[in-house]
Amino acid sequence: MSARNNILAKLRKANAYPMDLPRTEEYYQEMSPSWDNEIERLKHWAKCMRAVKTEIFWVRENNWEETLIQVAQQKNLKNMLVSKNTEHGKRATTALQAASLEVRNFEQKIDDWKDEFFAEVDAGFTSSLCGIAHTGTIMLTSSVAEPRSQSLVPPVHFCLFDTRKMYDTFYAAMQGEKLAADMPTNVILISGPSKTADIQLTLAFGAHGPRDLVVLAVLPEHINPADLEVAA
Amino acid sequence: MNTQVVHFHPRPETFKQNSQAALADKPLRKSLRTAMDMLMTKRKMVLSDEQELQMLRTLCEHVRQHALSKLPDLLVQLEENLTKRGVRVHWAETVEEAQQIIYGIMETHNGKLMVKGKSMVSEEIELNHYLESKGIRAVESDLGEFIVQMAGEKPTHIVMPAIHKTKEQVSELFHNNLGTELTDDVDKLTGFARAALRDIYRTADIGLSGVNFAVAETGTLCLVENEGNGRLSTTVPPVHIAITGIEKVVANLTDVVPLYSQLPRTAIGQPITTYFNMITGPRRSEELDGPQEMHLVLLDNGRSQAYGEEQMRRTLQCIRCGACMNHCPVYTRIGGAAYGTTYPGPIGEIISPHLMGLEKTRDLPTACSMCGACVEVCPVKIPITEQMARLREEAQRSPNENVNYPIKGQGASHSFGESIAWRIFNGSFGHTKAYRALGWFSTTFRALTPPWQLGWTENHVPLKPAEKTLQQMLAERKQNKQ
Ligand code: SF4
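Residues numbered from 1 in each chain as written. Chains lettered and ligands numbered in written order. Predicted model: local features only at pLDDT ≥ 70, side-chain atom pairs only at ≥ 80, totals over all residues. Heavy atoms only, no water.

Details of the sheet that holds strand β5 (residues 130-132) of chain A
Right, on to step 1. The eight strands are arranged β8(A)-β5(A)-β6(A)-β9(A)-β9(B)-β6(B)-β5(B)-β8(B) in an open sheet whose pairing can be described as mixed. If you trace the sheet from one side to the other, it starts and ends with β8 (166-167) of chain A together with β8 (249-250) of chain B, each paired once.
Right, on to step 2. As paired strands, strand β9 (residues 186-190) of chain A and strand β9 (residues 275-279) of chain B are joined by five bridges and run antiparallel to one another. Bridge assignment links Leu189 of chain A to a residue of β9 of chain B, and that residue is Phe276 of chain B.
Right, on to step 3. Relative to strand β5 (residues 213-215) of chain B, helix α12 (residues 256-268) of chain B is tilted by about 170°, and along the sheet it contacts β9 of chain A together with β5, β6 (220-225), β8 and β9 of chain B. (Pairing = 2+ DSSP bridges. Helix = DSSP H or I, 4+ residues; strand = E, 2+ residues; numbered from the N terminus. Contact = heavy atoms within 4.5 Å. Axes fitted to C-alpha atoms, helices over the stretch in contact; angles between N-to-C directions.)

Some thoughts on the sheet that holds strand β7 (residues 239-245) of chain B
All names here are of chain B.
Right, on to step 1. Spatial strand order, β1-β10-β7-β4-β2-β3: six strands in an open sheet with parallel pairing. With one partner strand each, in any of the chains shown, β1 (87-92) and β3 (137-140) form the two edges of the open sheet. Neighbour-to-neighbour, the strand axes of this sheet turn through a mean angle of 20°, independent of strand direction.
Right, on to step 2. Note: strand β2 (residues 113-116) against β3, four bridges, orientation parallel. Across the sheet, the residue bridging to Leu113 is Arg137, located in β3.
Right, on to step 3. The sheet contacts of helix α4 (residues 71-84) involve β1 and β10 (293-299), and relative to β1 the element is tilted by about 145°.

With respect to the interface of chain A and chain B
Right, on to step 1. Contacts between chain A and chain B engage 76 residues on the former and 99 residues on the latter.
Right, on to step 2. On the chain A side of the contact with chain B, Asp198, Ile199 and His208 of chain A bury the most area, a combined 11% of that side's loss.
Right, on to step 3. Applying the counting rule to chain A against chain B returns six salt bridges.
Right, on to step 4. Where chain A meets chain B, there are 42 residue pairs in polar contact (both at pLDDT 80 or more).
Right, on to step 5. At eight residues, the largest contribution of residues to the side of chain A that touches chain B is made by helix α1 (residues 3-13) of chain A.
Right, on to step 6. Of the residues in the side of chain A that touches chain B, the class split is 42 nonpolar, 20 polar and 14 charged. (Buried area = accessible area lost by both parts, 1.4 Å probe. Salt bridge = Lys/Arg side-chain N within 4 Å of Asp/Glu carboxyl O. Polar contact = N/O pair within 3.5 Å; in protein donor to acceptor, adjacent residues only side chain to side chain. Nonpolar A, V, L, I, M, F, W, Y, C, P; charged D, E, K, R; others polar.)

Considerations on the pairing of strand β4 (residues 123-127) of chain A
Residues and elements named next belong to chain A.
Right, on to step 1. Counting buried positions along β4 yields four of five residues, so the element is predominantly enclosed.
Right, on to step 2. Here five bridges tie β4 to strand β7 (residues 156-162), and the two strands are oriented parallel to one another. Residue pairing in the sheet places Gly124 in a bridge with His157 of β7. (Buried < 20%, exposed > 50% of the residue type's maximum accessible area, 1.4 Å probe, protein only.)

Section: the site of the ligand
Right, on to step 1. Within the structure, the ligand sits among Cys318, Ile319, Arg320, Cys321, Gly322, Cys324, Ile347, Cys378, Pro379, Val380, Ile382 and Ile384 of chain B.
Right, on to step 2. Looking at the shell around the ligand residue by residue, the class counts come to ten nonpolar, one polar and one charged. (Near = heavy atom within 4 Å.)

Details of helix α2 (residues 26-46) of chain B
All names here are of chain B.
Right, on to step 1. Given a rise of 1.5 Å per residue, 21 residues ought to cover 30 Å, and the 31 Å separating the end C-alpha atoms of α2 matches this to within 8%.
Right, on to step 2. Buried within α2 are the following residues: Leu28, Ser31, Leu32, Ala35, Met36, Leu39 and Arg43. For α2, the buried positions fall inside an angular range of 125° around the axis, keeping them on one side. Exposed side chains of α2 directed beyond 90 degrees from the buried face belong to Lys26, Pro27, Lys30, Lys44 and Met45.
Right, on to step 3. Of the surrounding elements, those touching the buried residues of α2 are α1 (15-24), α3 (50-69), α12, α15 (323-326), α16 (329-334) and α19 (373-377).
Right, on to step 4. Capping the start of α2, Asp25 holds a side-chain oxygen 3.2 Å from the backbone nitrogen of Leu28, two or three residues further along. (Expected span 1.5 Å × (residues − 1). Arc of directions from axis to C-beta.)

Remarks on the state of the cysteines
In protein chemistry, a disulfide is the covalent bond that joins the sulfur atoms of two cysteines.
Right, on to step 1. The tally for this structure, following the rule as stated, stands at zero disulfides over all chains.
Right, on to step 2. As a non-bridged cysteine, Cys368 of chain B has Cys374 of chain B as the owner of its nearest cysteine sulfur, 6.0 Å distant. (Disulfide = S-S within 2.5 Å.)

Brief notes about the pattern of salt bridges
Oppositely charged side chains can form a pair if their charged atoms are brought close together.
Right, on to step 1. Summed over all chains, the structure comprises 40 salt bridges over all chains.
Right, on to step 2. Between Arg4 of chain A and Glu79 of chain B there is a salt bridge whose closest N-O contact spans 2.8 Å. Here Glu79 of chain B lies in helix α4 and Arg4 of chain A lies in helix α1, a pairing that spans two chains.
Right, on to step 3. One salt bridge connects Arg283 of chain B with Asp111 of chain A, and the closest N-O pair in it is separated by 2.9 Å. Here the residue Arg283 of chain B occupies a position in the loop between β9 and β10, and Asp111 of chain A occupies one in the loop between β3 (102-104) and α6 (114-120), the pair thus bridging two chains.
Right, on to step 4. For Arg283 of chain B, a relative accessible area of 12% translates into the label buried.
Right, on to step 5. Salt bridges linked by common partners bring Glu309, Arg390, Glu393, Glu394, Arg397 and Glu401 of chain B together as one network.

Digging into the confidence of the model for chain B
Residue and element names in this part refer to chain B.
Right, on to step 1. Across chain B, the average pLDDT comes to 94, with 98% of residues at 70 or higher.
Right, on to step 2. Below pLDDT 50 for its whole length, residues 2-8 participates in 16 contacts with residues either more than four positions away or in separate chains.
Right, on to step 3. The ipTM value of the predicted complex is 0.97, and its pTM value is 0.93. (pLDDT = per-residue confidence, 0-100.)

Let's talk about the packing of aromatic side chains
Right, on to step 1. This model, assessed by the stated rule, comprises 21 aromatic pairs over all chains.
Right, on to step 2. Judged by centre distance (4.9 Å) and plane angle (85°), the rings of Tyr27 of chain A and Tyr28 of chain A are edge-to-face. Here Tyr27 of chain A matches Tyr28 of chain A in class, with each residue buried.
Right, on to step 3. Aromatic pair Phe441 of chain B and Phe445 of chain B: ring centres 5.0 Å apart, planes at 50°, arrangement tilted.
Right, on to step 4. The exposure class assigned to Phe441 of chain B is partly exposed, which follows from its relative accessible area of 49%. (Phe/Tyr/Trp six-rings, centres within 6.5 Å; stacked < 30°, edge-to-face > 60°.)

Remarks on the packing of α1 of chain A against α4 of chain B
Right, on to step 1. Here α1 of chain A crosses α4 of chain B at 150°, and the two axes come no closer than 8 Å. On the basis of their axis angle, the class for α1 of chain A and α4 of chain B is roughly antiparallel. Packed against α1 of chain A, whose contacting residues are Arg4, Leu8, Leu11 and Arg12 of chain A, the element α4 of chain B presents Leu71, Pro72, Asp73, Leu75, Val76 and Glu79 of chain B at the interface.
Right, on to step 2. Of the residues in the contact of α1 of chain A with α4 of chain B, the class split is six nonpolar, no polar and four charged. (Parallel < 35°, antiparallel > 145°, perpendicular 65-115°, else oblique.)

Observations concerning the pairing of β1 of chain B
All names here are of chain B.
Right, on to step 1. For β1, a buried count of five out of six residues is recorded, marking the element as mostly surrounded by other parts of the structure.
Right, on to step 2. The pairing of β1 with β10 spans six bridges and is classified as parallel. Directly across from Val89, in β10, lies its bridge partner Leu296.

Observations regarding the packing of α3 of chain B against α12 of chain B
Residue and element names in this part refer to chain B.
Right, on to step 1. The N-to-C vectors of α3 and α12 enclose an angle of 120°; their axes lie 9 Å apart at closest approach. Judged on the interaxial angle alone, α12 and α3 are oblique. Of the two possible hands of crossing, α3 and α12 adopt the one that is left-handed. Two secondary-structure elements touch here, α3 through Glu52, Leu53, Leu56, Arg57, Leu59, Cys60, Val63 and Arg64 and α12 through Pro258, Leu259, Ser261, Gln262 and Arg265.
Right, on to step 2. The residue makeup of the contact of α3 with α12, split by class, is seven nonpolar, two polar and four charged. (Left-handed = near helix turned anticlockwise from the far one by under 90°.)

Following this line, the structure appears as structure tokens:
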């Protein structure tokens with residue numbers, strides 16, 4: 001008998017009695033956090049993300065490129081990895097080129113340009129699928145246009161986040177985005193730049209992945225960025 | 001860079017000697033005390049809502065018990081869904097089988113360098129040691145694991161493998177092995193490791209990772225981490241091998257939500273981890289990154305023994321958060337190395353006997369004061385002390401006794417003298433006349449009590465029978481009242 005059959009036979013012999021499904025939905029209906037309004041929810045999300053060193057910039061749909069350029073220049077970046085096949089990627093490309101910043105594209109499989117990718121790319125620019133208010137998180141999915149290493153290998157990760165796609169909890173995001181129905185190869189929840197506390201429990205950022213996480217949070221017209229910065 | 005493993009680790013068979021040595025190590029006790037106090041305080045702070053905590057624990061217990069109740073079916077479903085996504089699933093009953101499967105994959109690809117994300121199961125199968133004997137270099141990429149590997153040690157905590165090391169010790173290790181400057185700046189030290197490891201991700205033939213939760217419904221493998229080393233190890237090399245114990249399956253994607261909500265908070269008092277990585281298959285045809293090939297190794301190694309019986313099965317609910325060790329008065333005093341097992345502390349004391357047999361681990365379930373702190377903090381409500389008592393019983397039981405669910409190594413602590421002593425105790429306490437005779441004998445000859453009483457007098461004053469038995473005192477009291 002194969003190892004598979006042996007293991008399964010041993011487990012089946014135990015004759016465990018199947019239990020009812022856990023009541024996860026009920027729990028999240030009862031225990032989900034709530035906020036008085038959209039502004040309070042955004043403030044909570046930003047507070048959690050900033051607590052773990054995420055840089056958040058409130059931007060508008062029509063001018064987020066300006067902030068992208070400003071921050072890139074402040075950080076002295078020479079280049080940025082951008083998708084040439086998405087709408088936001090095209091807009092970022094135009095803006096970056098106008099500011100004389102080099103634009104790199106993920107044009108070939110990672111295997112063919114790994115050395116260059118690790119050595120030369122300063123920053124990666126991606127969009128996010130949605131945000132999670134409770135834990136201060138953004139959710140990204142892998143795609144042909146934005147491969148998963150675009151947000152992982154470069155030392156700085158810029159992420160464009162439409163704040164209208166904010167969910168209260170991970171559970172709500174999972175249900176709202178119908179993740180289980182068609183999982184991409186990679187879904188990643190991100191709550192800050194790479195960090196570690198493995199040496200004497202002392203927190204240090206930039207362990208392996210991006211040292212900086214910059215979120216360009218796109219606000220709808222009815223929200224004033226100044227309201228989000230007023231102390232809670 | 002020297003990251004070879006040195007093999008002179010303590011063994012569980014010598015647990016008593018190991019713990020005595022650890023107790024004498026004052027700096028170790030000091031750093032453990034400080035670290036555990038901090039972890040306990042941080043956990044308390046992020047789980048301060050008692051109602052939420054208790055409801056979440058109940059839900060998480062239910063999620064894990066539900067999955068275990070259907071374990072064989074869920075494993076088959078997981079295999080089907082992974083296969084559909086192009087993942088090759090391998091089953092290993094023993095440590096040797098798992099080692100050979102992984103080596104076989106390395107060999108097919110003519111691989112010489114493996115980069116490893118954090119995986120306790122790979123520690124369990126001593127993968128680094130095995131691959132080294134085959135001429136393959138395996139480099140740990142989790143910073144804590146990287147440090148202990150460099151020191152030629154084993155992790156002493158399941159979440160923070162290098163918790164026993166000071167920054168000065170780490171600096172010296174890096175200086176000797178990576179040629180870096182001596183410093184006590186943790187940021188700098190982290191930077192040195194980052195530089196060394198980014199070359200490894202880039203050049204590794206294979207990336208290996210563990211699995212926090214495997215979702216049967218979607219064929220998804222979930223990884224919880226802060227550093228990004230898990231993401232890099234599973235994304236950059238052309239082949240990804242994941243390894244997990246068979247118990248890590250959950251039924252549905254939504255099941256991971258409450259478990260993930262508790263894991264970082266219970267483990268290190270952190271509200272959320274930096275990354276939660278959900279991998280569903282290798283790179284698809286048009287995709288530009290991710291592994292071209294992906295494997296999952298499902299390891300039994302004694303878990304099916306624990307599964308065989310209802311009470312023991314609850315051991316498998318564990319989500320490896322490490323909270324039980326952070327709160328354990330024994331672990332806090334002796335540290336993880338003394339256990340000589342992959343999993344130390346309370347969870348190690350109840351899982352190791354299944355993985356290694358009671359012959360080797362018989363002393364572990366006795367390393368417990370039954371204070372119950374571990375039970376109180378366990379996010380999935382494993383009755384750890386109950387398991388401990390059961391394993392003590394199994395270790396004491398006669399090796400020849402026929403039982404329904406025999407445990408490997410049954411009777412490993414069985415002693416003829418002790419069983420006679422218990423029989424005498426039972427006989428005398430169960431029969432009035434014998435009990436009275438014993439009382440008379442003990443009080444009359446109390447002067448003859450030996451001053452040395454086996455292990456008891458090592459830390460206590462000798463036990464001496466009272467001058468009068470309880471019956472005598474009660475009788476006197478009655479008389480005085482009349
Ligand atoms: S036994 Fe409970 S507390 Fe201990 S590691 Fe497992 S889940 Fe955590």
